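Listed here are the chains, written in short residue letters.
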Amino acid sequence: MQDKIALEEHFASPDTIGDSKHYFTADIWPERRRQLLDFEAERIERMDACGIGYTILSLNAPAVQGIVDTVRAIDVARRANDLLAEQVSRRPERFGAFAALPMQDPQAAARELERTVSELGFKGALVNGFSQNGTADNAAYYDLPQYWPFWAEVARLDVPFYLHPRNPLPSQQLAYEGHPWLLGPAWAFSPETGVHALRLIGSGLFDAYPTLQVILGHLGELVQNNIWRTSHWASATGKNPMGVKAKRPFIDYFRQHFHVTTSGNFRTIAMRNAIEELGGDRVLFSTDYPFETMEEASAWFDGAEIGDNDRQKIGRDNAKQLFRLN
Ligand code: GRE
Ligand code: ZN
């Protein structure tokens, strides 16, 4: 398929490039490093070769979310966003931008979102899970009350919020001890991100801000796979006596406030499941470059056994609509 749009496509700034290194062996890292820092050369070549017309770029992970010093988090986010804005302005027909946000300070995050969306034309934000706030062993999740004014700003600006994975903190990795291969994309990214998404739902956030739209990568970060059971037990209308605040069944919020992308999960059964669960309007193509290859993502997607109407929507039209692209 030509002219696909991809939404989870990463770059790194000089401040954040080191965060991606440990995922790769020493022989592979120099190539990934080069690809993360590149905008105009290899990235465009590969997009052309793979039929990807437009990508919305975002910073690597955990990057800003892993910076304990709030002043530095604000500074690194701003510099990364300015670097990205400069690159996008050179090729606005090929690149759009998601803002990195210093969520350690909700007011600063709201201001940076306003700046990047209103002044720089960014399409929304991509945030790498909870933020380490003040001390390294502190995780701030965005359902907490101090974030609600931030969400009001997201709703006011009317842009999507992409909740991207990061690993749980070392103090929360008991189940992974002795099995470091379970961390990162192999497993830990998805339950960590899925729990965060469910916290947003359960907090009643979407009752307060009924227009908010959240994007999850990797075909739904396991939320999709368990949504009936979660909804069955956790909803206020269900069996759970533990004080969930959300008024309606979880599955309703999942269907009305979430989109999922194919980033890093090139599995037709899982994509079909997403189409059935959320509808073909809420599934969007992405690759997760350079952690995955555009070639594998595109070859899989272009040939996947889904209807051609769904392929057009997932490959391009849904993104055009969600981000109001021409
Ligand atoms: C990502 O950010 O998407 C990512 C990493 C590290 C490994 C794989 C991956 O940050 O998809
Ligand atoms: Zn990613």
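**Q** Quick one: what's the story with the environment of Asn81, residue by residue and with numbers?
**A** Positionally, Asn81 belongs in helix α3 (residues 70–90). Sequence separation of Asn81 and Ala99 is 18 residues, and the distance between their C-alpha atoms is 6.0 Å. Excluding anything up to four places from it in sequence, Asn81 contacts Phe98, Ala99, Ala100, Glu112, Arg115, Thr116 and Phe122.

**Q** Describe in detail the environment of Gln107, supporting the description with residues and values.
**A** Take Gln107: it is sitting in helix α4 (residues 106–119). Through-space distance from the C-alpha of Gln107 to that of Phe206 is 20 Å; in sequence the pair is 99 residues apart.

**Q** Outline the environment of Thr262, supporting the account with residue identities and numerical values.
**A** The residue Thr262 is located in the loop between β9 (258–261) and α10 (268–278) in this model. Owing to a relative accessible area of 0%, Thr262 belongs among the buried residues under this scheme. Each C-alpha atom, one on Thr262 and one on Ala197, is 17 Å from the other, the two residues being 65 residues apart in sequence. Sequence-distant contacts of Thr262, that is, excluding residues within four places in its chain, are made with Leu219, Met271, Leu284, Phe285, Ser286 and Trp300.

**Q** Outline the coordination of the zinc ion (ligand 2), listing residues and values.
**A** Here the zinc ion (ligand 2) is held by the protein donor atoms Glu8 (OE), His10 (NE2), His164 (NE2) and Asp288 (OD), which lie 1.9 to 2.2 Å from it. Counting residues between consecutive donors of the zinc ion (ligand 2) along the chain gives the motif E-x1-H-x153-H-x123-D. Of this pair, His10 sits in strand β1 (residues 4–11) while His164 is found in the loop between β7 (161–163) and α6 (189–202), placing the two residues 154 residues apart along the sequence. Assigned by exposure class, His10 and His164 land together as buried.

**Q** Tell me about helix α5 (residues 148–157), and please be specific about residues and values.
**A** All of the buried residues along α5 are Phe150, Trp151, Glu153, Val154 and Leu157. All buried residues of α5 lie within an arc of 155° about the axis, which places them on one face of the element. Against α4, β7, α6 and α7 (205–208) lie the buried residues of α5. Among the residues trailing α5, Asp158 stands out with phi positive, at a value near 60°.

**Q** Now, about the site of ligand 1: what can you tell me, with residues and values included?
**A** Taken together, Glu8, His10, Tyr23, His164, Pro185, Phe189, Asp288 and Phe291 are the residues near ligand 1. In this structure, His164 approaches ligand 1 through a side-chain N or O atom, which is 3.1 Å from an oxygen atom. Taking Asp288, its side chain carries an N or O atom lying 2.8 Å from an oxygen atom of ligand 1. Burial of ligand 1 by the protein amounts to 95% of the accessible area it has alone, namely 280 Å².

**Q** Describe the packing of aromatic side chains, with residues and values.
**A** Per the counting criterion, the structure on display carries 19 aromatic pairs. A centroid spacing of 4.9 Å and a plane angle of 70° characterise the contact between Tyr142 and Tyr147, whose relative ring orientation is edge-to-face. Both residues of the pair, Tyr142 and Tyr147, belong to the buried class. Ring geometry for Phe266 and Trp300: centres 5.7 Å apart, planes at 35°, overall tilted. Highlighted residues: Phe266 in the loop between β9 and α10 and Trp300 in helix α11 (residues 294–303), separated in sequence by 34 residues. Here the two residues Phe266 and Trp300 agree in accessibility, since each one is buried. One aromatic cluster is present, formed by Tyr142, Tyr147, Phe150, Trp151 and Phe161 through successive ring pairs. Just above the ring of Phe285 sits the side chain of Lys4; from NZ or CZ to the centre is 5.7 Å.

Cut-offs used in this document
Residues numbered from 1 in each chain as written. Chains lettered and ligands numbered in written order. Predicted model: local features only at pLDDT ≥ 70, side-chain atom pairs only at ≥ 80, totals over all residues. Heavy atoms only, no water. Helix = DSSP H or I, 4+ residues; strand = E, 2+ residues; numbered from the N terminus. Contact = heavy atoms within 4.5 Å. Buried < 20%, exposed > 50% of the residue type's maximum accessible area, 1.4 Å probe, protein only. Donors = N, O, S within 2.8 Å, 3.2 Å for Na, K, Ca; no water. Arc of directions from axis to C-beta. Near = heavy atom within 4 Å. Polar contact = N/O pair within 3.5 Å; in protein donor to acceptor, adjacent residues only side chain to side chain. Areas by Shrake-Rupley, 256 points an atom, 1.4 Å probe, with all protein chains shown as cover. Phe/Tyr/Trp six-rings, centres within 6.5 Å; stacked < 30°, edge-to-face > 60°. Lys NZ or Arg CZ within 6 Å of the ring centre and 35° of its normal.

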